Amino acid sequence: MIVKLYSTYQLNKLALEQNFADCSDFLLREIKVDDCDAMICVMDGLVDSLQLSQMVVRPILSSRLVFRTPNEHYELIKDKIVGSVEMNEATAFEDVEYYLMSGFAVFLLDGCTTALALGVQGWNRRNTDEPDNEAMVKGAKECFVETLNDNKALLRKRLKTPHLKLKQIKLGKTAKTPVVIAYIDDKADMNTVADVERRLRSTDLDSIQDYGCLHPYIDTDIPSFFSAVGNTERPDVLASKLLEGRVAVMVEGTPFVMYTPYLFTDNFSALDDYDNPPFYSSFMRGLKYFSFILSVFLPAIYVAVGTFHQELIPTTMLYVIATSEATTPFPLMLEAIMIHLLYEIMREAGLRLPSSIGHAVSIIGAIVIGDATVSAGIIGAPMLVVVAVTAIASYVVYPLYESIAVLRILFIIVGGLTGMYGLMLAAGALFVNICAINPYGVPYSAPLSPLTADSINDTLLRRGWKKLAGRNVRLSNLEGVSIDKK
């Protein structure tokens, strides 16, 4: 239930003191403005004390105004006295509380049912350091931070155009969290923008603590191991995606920004591709596609061939594999699953441990997964080589690591139970699932499917800037897109 502000000063004061009872950071100062009762409220630690003093408190206390009614007095203070550029009005206690906890100073005057919220934010914030998760050799060395206003400024600095829209909404039932929908109005399809906003407003969460809370709401509804929502902590990457007609979602308190529609081919491109020579970037993209196939299918193929199709293995290699596996107690499928699960346990332990002792996991992992398991006859040496190659290949396409880690286990089981024939059917089902995802009317497999003559440009290959400059790169221009039909 929305409770409106009272026209009586004492009632407003009493209500705020009750709402913020036992809140030691809530500060309320009662003042006299032209012989009228008033108060200024702030949350300690969220405001800049110098700005509060110079732009709000001092001008209001030194005002000498002539007025007839409280509302006229309020308008004169708003228009002629306070010096804050960022200024909002609130008519309900819910809005007053939201502005207070967003770093605003709230001014309430006796006889008025409207409060004045003045922007004097001044909390501590993290510097825009080099990104940790998206390192680039030749790219910019700045990243998004946890403060929404700073993130909006970083994006605006990259895209100096009034067509960049940053629409801010509030989500959460118990604690309101500001969320920004970013798009370029002459690039993005407005049906997609409206659909993203509708999905966000349909959330039924008490509060939004991280971007992951909103991820399922704007993702595809088709069950899949792949997501139609990407995320980045780099302003330059997000700017390039918005210029292609994507829609971004920025959440207060997280340095990662989501954007959609996210395509399968986006996993294989990086910002460095456009700083390197085209021939080298094309080579690296081909390497990434090969690494994806290798990381998903290599263990499964090894298990399937070693279990059902030994005739496909060269004689010399077959002898080495047979000799190694003869000394191990487990079948190939169980051996592959066990060593991959052990690898994932070691990886998770390394991620969660404090950095000061995290290196211990690497030492133990090298001992346990490496020489000891082979020497003890628990795991064959060829299997260890397959696991090592697979693990390295999976990091080449890091955005797909979570999907690869699970798919790898599933394909090992399929290959160990049904051989190459079942593995081929499972691979076909995977590719059908990729082609079935259609986020916001844009095929997830585009522009490779449906395949056209220009599909390999800037996907499998990276053309030179002289050829890319003349293209109108927009998602709505891709083959198979049906945004208008959504």
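Scroll up to find the structure this text is about.
Definitions and cut-offs
- Residues numbered from 1 in each chain as written.
- Predicted model: local features only at pLDDT ≥ 70, side-chain atom pairs only at ≥ 80, totals over all residues.
- Heavy atoms only, no water.
- Helix = DSSP H or I, 4+ residues; strand = E, 2+ residues; numbered from the N terminus.
- Rg over C-alpha atoms; globule rule 2.2 N^0.38 Å.
- Buried < 20%, exposed > 50% of the residue type's maximum accessible area, 1.4 Å probe, protein only.
- Contact = heavy atoms within 4.5 Å.
- Pairing = 2+ DSSP bridges.
- Axes fitted to C-alpha atoms, helices over the stretch in contact; angles between N-to-C directions.
- Expected span 1.5 Å × (residues − 1).
- Bend = angle between axes of the 7 residues up to and from the residue.
- Patch = residues over 30% accessible without salt bridge, like charges linked within 9 Å, V, L, I, M, F, W, Y side chains within 5 Å.
- Areas by Shrake-Rupley, 256 points an atom, 1.4 Å probe, with all protein chains shown as cover.
- Salt bridge = Lys/Arg side-chain N within 4 Å of Asp/Glu carboxyl O.
- Core = buried A, V, L, I, M, F, W, Y, C linked by side-chain atoms within 4.5 Å.

A. Molecular detail of the overall build of the chain. The secondary structure content of the chain amounts to 15 helices and 10 strands. Compactness check: the chain gives a C-alpha radius of gyration of 29 Å against a globular reference of 23 Å for 486 residues, more than 25% above the reference. Within the chain, the fraction of its 486 residues that count as buried is 48%. Long-range contacts, defined as pairs at least 24 residues apart, comprise 67% of the intrachain contacts of the chain with a sequence gap of at least 6.

B. Spotlight on unusual backbone geometry. Residue Thr260 is joined to Pro261 through a cis peptide bond whose omega torsion reads -5°. Looking at the secondary structure, you find Pro261 in the loop between β10 (257-260) and α9 (278-308). The omega torsion across Ala446 and Pro447 is 0°, close enough to zero to call that bond cis. The residue Pro447 is located in the loop between α14 (401-436) and α15 (465-468) in this model. Even without being a glycine, Asp35 presents a positive backbone phi close to 65°. The residue Asp35 is located in the loop between β1 (26-33) and β2 (36-43) in this model.

C. Representation of the sheet that holds β10. Ordered in space as β6-β7-β9-β10-β8, the 5 strands form an open sheet in which the pairing is antiparallel. In the strand order of this sheet, the two ends are held by β6 (164-171) and β8 (230-232), each with one partner. The average angle at which neighbouring strand axes cross in this sheet is 25°, direction not considered. Strand direction decides the pairing type here: β8 and β10, joined by 3 bridges, are antiparallel. The partner of Asn231 across the bridge, within β10, is Met258. On top of the sheet, helix α5 (residues 148-158) reaches β6, β7 (177-184) and β9 (247-251); it is set at about 165° to β6, its chief contact.

D. Region of the structure containing the sheet that holds strand β4 (residues 104-109). The strand order β1-β2-β4-β5-β3 describes an open sheet built from 5 strands, whose pairing is antiparallel. Sheet topology places β1 and β3 (87-90) at the edges, where each strand pairs with a single neighbour. Within the sheet, the average angular offset between the axes of one strand and its neighbour, ignoring direction, is 25°. Bridging between β3 and strand β5 (residues 115-119) involves 4 bridges; their strand directions are antiparallel. From the neighbouring strand, Met87 faces β5, where its bridge partner is Leu118.

E. Looking closely at α9. Between its terminal C-alpha atoms α9 stretches 43 Å, which fits the 45 Å expected from 31 residues at 1.5 Å a residue. Helix geometry: α9 is bent most strongly at Phe297, by close to 45°, with proline Pro299 lying one to four residues after it.

F. Broad picture of a nonpolar patch on the surface. Taken together, Phe225, Val406, Leu410, Ile413 and Leu417 make up a surface patch of nonpolar side chains, about 420 Å² in accessible area. Relative to the assigned elements, Val406 resides in helix α14. Look at Val406 and you get partly exposed, because its relative accessible area is 41%.

G. The arrangement of the pattern of salt bridges in detail. Evaluation of the coordinates by the stated rule reveals 22 salt bridges. Between Glu142 and Arg158 there is a salt bridge, with its nearest N and O atoms 3.5 Å apart. Here Glu142, found in the loop between β5 and α5, pairs with Arg158, found in helix α5; they are 16 residues apart in sequence, far enough to count as distant. A salt bridge links Asp185 to Lys165; the shortest N-O distance between them is 3.9 Å. In this pair, Asp185 sits in the loop between β7 and α6 (190-201) while Lys165 sits in strand β6, placing the two residues 20 residues apart along the sequence. Accessibility expressed as a relative area gives 30% for Lys165, which makes it partly exposed.

H. Fine view of the nonpolar core. Judged by nonpolar contacts, the single largest core of 23 residues is most densely connected at Ile40, Leu52, Ile60, Ile77 and Phe107. For this core, the elements supplying multiple residues, two or more each, are β1, β2, α2 (49-61), α3 (70-81), β4 and β5. Excluding anything up to four places from it in sequence, Ile60 contacts Ile31, Val33, Ile40, Ile77, Ile81, Val82 and Phe107. Among the nonpolar cores identified, the runner-up in size contains 21 residues, and Phe264, Phe292, Phe411 and Ala427 belong to it.

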